[in-house]
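Here's the letter readout for the chains.
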Amino acid sequence: MVQTQSEIAALLDYDRRHVWHPYTSPTHPLPVYPVAAAHGVYVRLMDGRELIDGMASWWCVIHGYNHPRLNAALREQADKMAHVMFGGLTHDPAIKRARSLINSTPHKLQKVFFCDSGSVAVEVAMKMALQYQTALSRGRAKHFLTIRGGYHGDTLGAMSVCDPVTGMHQLFSGALPIQFFARRPGALDKGWREDDIADFQAQLEAHHHEIAAVIMEPVVQGAGGMYFYAPEFLRRVRVLCDKYGILLILDEIATGFGRTGRMFACEHAGIAPDIMCLGKAVTGGYMSFAATLTTERVGEVIGRREGVFMHGPTFMANPLACAVANASLELLAEMDIGVDVGRISEGLRRGLEPCRELPAVAEVRALGAIGVVEMKTPVDVAVIQQVFVERGVWIRPFGRLIYIMPPYIITNTELDFLTRQMVEVIKNL
Ligand code: PMP
């Protein structure tokens, strides 16, 4: 049902006065667009306009909105039980979910900790690493090493390993644990240079006694700059972590489940982490859910001398989330990720190519189902967003980055429309 202009205005007025939205001022928030429904690759606004979604709702709606198989899985599970506590109880959706995650991630990862969101999955990973090192009597190993330009979430521990300049360190300075930051490697299209690992190696050599784990986003840094780097860097990091007995945490929250053209981005490097964080697309974008996977070895060390792992969220392994996540993984298993995501990659490359010639554009890049146009100067989000909406697409830029990562079900025609709108809007900047 399309709502009247005055009904919509009243809702927006209440929203503006009382409801906080992500990364915006509580007193002068950026404008928001009211959504009535969403289906397939389309988001329908309350005034009846339909927008092609270029964001997959921040990476997660990989199969499109309102998917009949995901809806059915949710309904079926809701009729059995929506939730039970996970302390002292277990259930089929969680066991199925654990088995399918273990079977689809690198073989080494055999233990699953279910949690609520990406940031919590990162906190859990960091706590696992700290408890592991404590159990090995590496008492000084209380810090983390990462590369600049990363993003791992908004909770305090996760924020501490986000990029110290583009992240939120300044705002929360003094309140965050101190971590080590190495120079990030050169961009993927520049190829591998030996020098790319030098700073990382030097930091590890100098501080390895103080480091519990290395944490990184594999191949693609998302919210820290939509930056792609060579998989060779990960191979070198793996060797160095093994040399110093330091755990490697890979944050696949954005990159996991096919987004980069492989099921998991670490597959580009042919390496496996000791701890892997998953989130976002895990439920096909239906609800907040995440998982932290680790090895038998990490589990065994933490469990020595009757040690327990100290984390246990209220909604751990929520059955609804597990059931919809299982259905989402089944849909993924029916895809040929290389071919299906490859098709989108090709469409992004072709469609965004004209941006290379535009004076305001610094760089254009695509990997898997991620297309990025980096501008020379920051864009005005509110203004550009309105123009995109008027053109029938949903794209939300940040800083100098105008980027898209659409649901995998997008057709070639829809993708062509999406990229054409991007080119046309950027032409006028
Ligand atoms: N890690 C990465 C790589 C992410 O992209 C995000 C979300 N943008 C997070 C962690 C945090 O996830 P969440 O927003 O679900 O807490």
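Because the structure is predicted, anything quoted here is derived from the model rather than measured.

Asker: How should the overall build of the chain be read in this particular structure?
Answerer: Helices and strands together make up the secondary structure of the chain, namely 13 helices and 16 strands. Rg of the C-alpha trace for the chain: 22 Å, near the compact-globule value of 22 Å for 429 residues, within the 12% margin. Principal axes of the C-alpha set define a box for the chain whose edges measure 65 × 55 × 45 Å. When contacts within the chain are restricted to residue pairs at least 6 apart in sequence, long-range pairs at least 24 apart make up 71% of them. Separation between the mean location of the 42 positive side-chain charges and that of the 44 negative ones in the chain comes to 3 Å.

Asker: When you look at the pairing of strand S14 (residues 370–375) in this model, what are you seeing that I'm missing?
Answerer: Regular strands place their side chains on alternate faces of the sheet. When you tally the buried positions in S14, you get six out of six residues, the bulk of the element. Every second residue of S14 is oriented toward a common face, with Ile370, Val372 and Glu374 on one face and Gly371, Val373 and Met375 on the other, all of them buried. In this sheet, S14 lies alongside strand S13 (residues 361–367) in antiparallel orientation, the contact comprising six bridges. Considered in S14, the bridge of glutamate 363 is made with glutamate 374. Here S13 folds back onto S14, and the loop between the two strands holds two residues, one of which, glycine 368, carries a positive phi near 55 degrees.

Asker: Got a minute to help me understand the sheet that holds strand S1 (residues 35–39) in this structure?
Answerer: Think of a sheet as strands paired side by side through backbone hydrogen bonds, with each pair either parallel or antiparallel. With mixed pairing, the four strands of this open sheet are ordered in space as S1-S2-S3-S15. Only two strands of the sheet have a single partner each, and these edge strands are S1 and strand S15 (393–394). Both strand S3 (residues 50–53) and S15 contribute to a ladder of two bridges, which runs parallel. The residue bridging isoleucine 52 from the neighbouring strand is valine 393, located in S15.

Asker: What should I look at first to understand the nonpolar core in this one?
Answerer: When a protein is soluble and globular, its nonpolar side chains tend to lie buried together. Counting residues in hydrophobic clusters, the biggest one holds 121 residues, and the most contacted among them are Phe200, Val214 and Phe257. Sort the elements by how many residues they give to this core and helix H5 (residues 118–135) lands first, with ten residues. Three or more residues apiece are contributed to this core by two domains, here domain 1 (5–66 + 336–427) and domain 2 (69–334). Those residues within four positions of phenylalanine 257 in sequence are excluded, and the remaining contacts are Ile62, Arg97, Leu101, Met263, Phe264, Leu278, Gly279, Ala281, Val282, Leu329, Leu332 and Tyr408. Ranked by size, the runner-up nonpolar core spans six residues in total, among them Ala38, Ala56, Cys60 and Tyr65.

Asker: Explain the pattern of salt bridges here, please?
Answerer: Think of it this way: side chains of opposite charge can pair up when their charged atoms draw near. All chains considered together, the criterion is met by 21 salt bridges. Residue glutamate 194 is joined to arginine 236 by a salt bridge in which the shortest nitrogen-to-oxygen separation is 2.6 Å. Highlighted residues: glutamate 194 in the loop between strand S6 (180–182) and helix H7 (198–207) and arginine 236 in helix H8 (residues 231–244), separated in sequence by 42 residues. Linked by salt bridges that have partners in common, Lys108, Arg238, Asp242 and Asp274 make up one network.

Asker: Would you take a moment to explain the site of the ligand for this structure?
Answerer: Around the ligand lies a shell formed by Ser117, Gly118, Ser119, Tyr151, His152, Gly153, Glu217, Asp251, Ile253, Ala254 and Lys280. One of the side-chain nitrogen or oxygen atoms of aspartate 251 is found 2.7 Å away from a nitrogen atom of the ligand. Separating a nitrogen atom of the ligand from a side-chain N or O atom of lysine 280 is a distance of 3.1 Å. For the ligand, whose free accessible area comes to 390 Å², the fraction covered by protein is 81%. Of the residues that constitute the shell around the ligand, the class distribution is three nonpolar, five polar and three charged.

Asker: Explain the domain arrangement of the chain here, please?
Answerer: A common way to express how large an interface is: the accessible area buried when the components associate. The domain boundaries assigned to the chain delineate domain 1 (5–66 + 336–427) and domain 2 (69–334). Facing 27 residues of domain 1, the contacting portion of domain 2 comprises 32 residues. Of the roughly 2400 Å² buried between domain 1 and domain 2, counting both surfaces, carbon and sulfur atoms make up 64%. Our count for the domain 1 to domain 2 interface comes out at zero salt bridges.

Asker: Help me understand the packing of H7 against H8 in this model?
Answerer: Between two packed helices, the angle of one axis relative to the other and the distance separating the axes together describe the packing. In contact at an axis separation of 11 Å, H7 and H8 are set at 10 degrees when each is read in the N-to-C sense. Classified by the angle their axes make, H7 and H8 are roughly parallel. Residue-level contacts link Phe200, Gln201, Leu204 and Glu205 of H7 to Phe233, Val237, Leu240, Cys241 and Tyr244 of H8. For the contact of H7 with H8, the residue count by class is seven nonpolar, one polar and one charged.

Asker: In this structure, what is going on with the pairing of strand S16 (residues 401–404)? I would like to understand it.
Answerer: Alternating residues of S16 divide into Leu401 and Tyr403 and Ile402 and Ile404, and every residue in both groups is buried. Of the strand pairs in this sheet, S14 and S16 are connected by four bridges, and their pairing is antiparallel. When the sheet's bridge partners are listed, glutamate 374 is paired in S16 with leucine 401.

Asker: Could you clarify how one ought to interpret the layout of surface pockets in this entry?
Answerer: If a probe as big as a water molecule is rolled over the atoms, it shows which places are left empty. Its boundaries defined by the atoms lining it, the second largest pocket holds a volume of some 310 Å³. Together, 13 residues line the second largest pocket, and Ala73, Glu76, Lys96, Ala323 and Asn326 are the ones closest to its centre. Those elements giving two or more residues to the lining of the second largest pocket turn out to be helix H3 (68–80), helix H4 (92–104) and helix H10 (319–333). For the lining of the second largest pocket, the element with the highest residue contribution is H3, accounting for six residues. Class assignment for the residues of the lining of the second largest pocket results in five nonpolar, two polar and six charged.

Asker: What is the right way to look at unusual backbone geometry in this model?
Answerer: In terms of backbone geometry, most residues other than glycine have negative phi values and most peptide bonds are trans. A positive phi is found at tryptophan 58, a non-glycine position, where the angle reads about 60 degrees. Secondary-structure assignment places tryptophan 58 in helix H2 (residues 56–59). Looking at tryptophan 58, the relative accessible area reads 37%, which means it is partly exposed. A positive phi is found at alanine 317, a non-glycine position, where the angle reads about 55 degrees. Within the secondary structure, alanine 317 sits in the loop between helix H9 (296–303) and H10.

The rules we used
Residues numbered from 1 in each chain as written. Predicted model: local features only at pLDDT ≥ 70, side-chain atom pairs only at ≥ 80, totals over all residues. Heavy atoms only, no water. Helix = DSSP H or I, 4+ residues; strand = E, 2+ residues; numbered from the N terminus. Rg over C-alpha atoms; globule rule 2.2 N^0.38 Å. Contact = heavy atoms within 4.5 Å. Lys, Arg positive; Asp, Glu negative; His and termini not counted. Charge placed at Lys NZ, Arg CZ, Asp CG, Glu CD. Buried < 20%, exposed > 50% of the residue type's maximum accessible area, 1.4 Å probe, protein only. Pairing = 2+ DSSP bridges. Core = buried A, V, L, I, M, F, W, Y, C linked by side-chain atoms within 4.5 Å. Domains from an automatic or database assignment. Salt bridge = Lys/Arg side-chain N within 4 Å of Asp/Glu carboxyl O. Near = heavy atom within 4 Å. Polar contact = N/O pair within 3.5 Å; in protein donor to acceptor, adjacent residues only side chain to side chain. Areas by Shrake-Rupley, 256 points an atom, 1.4 Å probe, with all protein chains shown as cover. Nonpolar A, V, L, I, M, F, W, Y, C, P; charged D, E, K, R; others polar. Buried area = accessible area lost by both parts, 1.4 Å probe. Axes fitted to C-alpha atoms, helices over the stretch in contact; angles between N-to-C directions. Parallel < 35°, antiparallel > 145°, perpendicular 65-115°, else oblique. 1 Å grid on protein atoms, 1.4 Å probe; cavity = no way out; pocket = protein on both sides within 12 Å on 5 of 7 lines; lining within 4 Å. Points joined across faces, edges and corners; volume = space filled by probe spheres on them.

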